[in-house]
Amino acid sequence: MVEKVIPIRLDEGKGLIPSIPGKLISPNGLISDTRGRPLRDLRISVTDRCNFRCTYCMPKEVFDSNYPYLSHSDLLSFEEISRLTSIFVGLGVEKIRLTGGEPLLRKNLEVLVEMLAKIRTTAGSSLDLTLTTNGSILRKKAAALKNAGLQRLTISLDGLNDNIFKKMNDVDFPVTDVLDGIVAAQEVGFSNLKVNMVVKKGTNDQEIIPMAKHFKGTGVTLRFIEFMDVGSSNGWDLSQVLPSQEVANRINAVFPIEPIEANYPGEVAQRWRYVDGSGEIGFISSVTQTFCHECTRARISTDGQLYLCLFAKEGFDFKTLLRSGKSDLEIANAIMSTWTKRDDHYSEIRGSNTLIANGGKKVEMSYIGG
Ligand code: SAM
Ligand code: SF4
Ligand code: SF4
């Protein structure tokens with residue numbers, strides 16, 4: 001039984017201090033929130049900085065030299081991330097995704113990967129350890145990541161046309177270097193690579209077919225993501241969202257595709273395959289087909305705040321707990337009491353009155369990770 005705990009708001013408005021229940025219980029890998037959703041995935045943002053300024057994520061006008069990025073002492077250290085991850089794993093987490101900002105900008109990231117790769121689930125299996133990157137320095141880092149025990153990689157790429165891609169990343173970064181990063185990852189032995197393409201209607205939707213054609217038959221799974229209203233700075237509006245169904249129709253008209261079964265309950269992307277057997281593609285339709293009912297993801301921000309939803313307005317300050325001498329059991333109980341009260345289902349209520357009533361600033365994606 002987890003006691004009802006009222007979190008205390010931090011003075012500086014950073015987050016809520018999760019309270020530790022008076023009566024501690026040992027975790028048994030099974031907890032669920034108020035909607036019956038277990039805790040299975042943990043996304044960890046290892047830096048809030050990025051060398052790109054994708055217009056849908058870190059627009060230049062907002063993320064300029066005056067932007068209050070976190071200082072080094074605010075970041076969770078590798079030891080703190082690793083400790084927290086072990087505690088989460090004791091509560092049922094099996095899958096870890098490192099993200100950011102641009103995770104490969106975090107110095108010596110492979111050292112963290114090596115630490116995380118040693119953690120075992122309660123059943124004794126290794127974790128599903130994966131990372132999402134913009135690919136810009138993947139050529140340099142791929143071998144070290146592979147040797148450290150990273151299992152899977154997702155690379156973001158929004159088009160093959162240099163002008164369009166440069167317009168999206170807004171730092172003049174060329175397509176060829178990202179493609180070269182993908183080749184480097186394959187060369188060092190990463191298989192089942194995924195490539196994420198955010199589709200913004202009127203900006204890069206003409207790249208859908210060229211991207212499908214490029215990756216078809218290569219073993220790389222291309223996934224189309226609907227442009228989302230994350231954060232408060234990307235100027236989102238519904239007219240810029242191209243529904244996944246329309247993306248699927250466009251592809252189907254050129255390369256026939258058919259839907260296939262999900263790999264596991266709660267999988268974010270809907271899976272489809274080319275009818276001619278030349279591989280798989282995916283759709284992440286967070287705007288038009290919500291998947292909150294199966295959402296088993298928690299997020300740790302760069303400075304150790306636990307977010308229960310990508311669209312949450314505030315997090316729970318686990319960095320303070322980590323740095324105040326609390327035991328693993330106390331922290332596990334604080335996570336349990338936070339998760340068991342979780343009711344988040346933002347995508348299901350997007351645009352509703354409830355949302356407007358709860359309005360205000362949402363947290364930026366570069367801070368809690370995608
Ligand atoms: N920098 C890395 C990268 O770009 O892959 C990791 C962090 S990034 C925040 C993670 C993913 O979120 C990327 O695939 C990115 O395209 C996606 N993303 C960012 N902003 C988005 C938005 N507004 N809508 C949909 N996807 C978004
Ligand atoms: Fe950087 Fe990734 Fe955001 Fe683009 S999507 S600005 S690469 S964090
Ligand atoms: Fe999960 Fe929140 Fe996204 Fe719904 S909106 S799928 S609860 S992260």
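Scroll up a little and you will see the structure.
The present account deals with the structure reproduced in this document. (Residues numbered from 1 in each chain as written. Chains lettered and ligands numbered in written order. Predicted model: local features only at pLDDT ≥ 70, side-chain atom pairs only at ≥ 80, totals over all residues. Heavy atoms only, no water.)

1. Here we look at the pattern of salt bridges
Where charged atoms from two side chains of opposite charge come close, those side chains can pair.
At step 1: Taken as a whole and assessed by the stated rule, the structure comprises 17 salt bridges.
At step 2: Notably, a salt bridge pairs Arg37 with Asp33, separated by 2.7 Å at the nearest N-O pair. Side by side, Arg37 and Asp33 carry an identical accessibility label, which is buried.
At step 3: Salt-bridge contacts for Arg323 lead to Glu80; the nearest nitrogen and oxygen are separated by 2.7 Å. A residue pair is termed long-range when its members are at least 10 positions apart, and Arg323 in the loop between α8 (318-322) and α9 (328-339) and Glu80 in helix α1 (residues 78-90) qualify at 243 residues.
At step 4: Overall, the relative accessible area of 42% leaves Arg323 in the partly exposed class.
At step 5: Owing to a relative accessible area of 15%, Glu80 belongs among the buried residues under this scheme. (Salt bridge = Lys/Arg side-chain N within 4 Å of Asp/Glu carboxyl O. Buried < 20%, exposed > 50% of the residue type's maximum accessible area, 1.4 Å probe, protein only. Helix = DSSP H or I, 4+ residues; strand = E, 2+ residues; numbered from the N terminus.)

2. Digging into the pairing of strand β5 (residues 128-133)
At step 1: The buried fraction of β5 is high, at 5 of 6 residues.
At step 2: Bridge analysis of strand β4 (residues 95-99) against β5 gives 4 bridges, and the strand direction is parallel. Bridging across to β5, Ile96 finds its partner in Leu129.
At step 3: Across 4 bridges, the pairing between β5 and strand β6 (residues 152-156) is parallel. Residue pairing across strands places Leu131 opposite Leu153, the latter belonging to β6. (Pairing = 2+ DSSP bridges.)

3. Things to note about the site of ligand 1
At step 1: Near ligand 1 lie 20 residues; those nearest to it are Tyr56, Gly101, Ser156, Val198 and Met228.
At step 2: Backbone polar atom of Thr133 to an oxygen atom of ligand 1: 3.2 Å apart, as the coordinates give it.
At step 3: Taken by itself ligand 1 offers 550 Å² of open surface, and the protein chains cover 95% of this.
At step 4: Only β5, β7 (194-199) and β8 (221-226) provide two or more residues apiece to the shell around ligand 1. (Near = heavy atom within 4 Å. Polar contact = N/O pair within 3.5 Å; in protein donor to acceptor, adjacent residues only side chain to side chain. Areas by Shrake-Rupley, 256 points an atom, 1.4 Å probe, with all protein chains shown as cover.)

4. What about the site of ligand 2?
At step 1: Inspection of the region around ligand 2 gives Cys50, Phe52, Cys54, Tyr56, Cys57, Met58, Gly101 and Asn134 as its neighbouring residues.
At step 2: A class-by-class count of the residues in the shell around ligand 2 yields 6 nonpolar, 2 polar and no charged. (Nonpolar A, V, L, I, M, F, W, Y, C, P; charged D, E, K, R; others polar.)

5. Examining helix α4 (residues 162-169)
At step 1: Buried within α4 are the following residues: Ile164, Phe165, Met168 and Asn169. One side of α4 holds all its buried residues, which, seen down the axis, span an arc of 125°. Exposed and facing more than 90 degrees away from the buried side of α4 are Asn163 and Lys167.
At step 2: Structurally, α4 contributes buried residues whose contacts are with α5 (175-187) and β7.
At step 3: Where α4 terminates, the next one or two residues include Asp170, which has phi positive at roughly 60°. (Arc of directions from axis to C-beta. Contact = heavy atoms within 4.5 Å.)

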